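Summary of the model geometry
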Amino acid sequence: MRYRLEIYDANKSHDISIPLAESINYPKIVNMFKQNIKNFQGDVKAYVFDVTNNKKIAAAYFPESIHNLI
């Protein structure tokens, strides 16, 4: 897989790493976060990593206060 989506919070046991065949944009990152929101506590960070070029290509930050809105 060329891309990898990483979603994580302060607790390392909650980290999610999802291999992807194609890149995803911010709305898709938000959707993946919503699907896994029960797995996280506090502030959550997510990014898409291009394994081939070895760099981050998209990122998102979800503060703790957003958990109540979703």
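The structure reproduced in this document is the subject of the present report. (Residues numbered from 1 in each chain as written. Predicted model: local features only at pLDDT ≥ 70, side-chain atom pairs only at ≥ 80, totals over all residues. Heavy atoms only, no water.)

1. A look at the pairing of strand β1 (residues 3-8)
- In terms of strand pairing, β1 meets strand β2 (residues 16-20) through five bridges, oriented antiparallel. Residue pairing for β2: R4 is matched across the bridge by P19.
- The sheet contact formed by β1 and strand β3 (residues 44-50) spans six bridges and is antiparallel. Paired with I7 across the bridge in β3 is A46. (Pairing = 2+ DSSP bridges. Helix = DSSP H or I, 4+ residues; strand = E, 2+ residues; numbered from the N terminus.)

2. As for the pairing of β3
- Along β3, six of the seven residues are buried, which leaves the element largely enclosed by surrounding structure.
- Across seven bridges, β3 lies against strand β4 (residues 55-62) in antiparallel orientation. Bridging from a neighbouring strand, Y47 pairs with A59 of β4.
- Taking the residues between adjacent antiparallel strands as the criterion, β3 and β4 are bridged by four residues, where N54 takes a positive phi near 60°. (Buried < 20%, exposed > 50% of the residue type's maximum accessible area, 1.4 Å probe, protein only.)

By themselves, these figures tell us nothing about what the structure is for.
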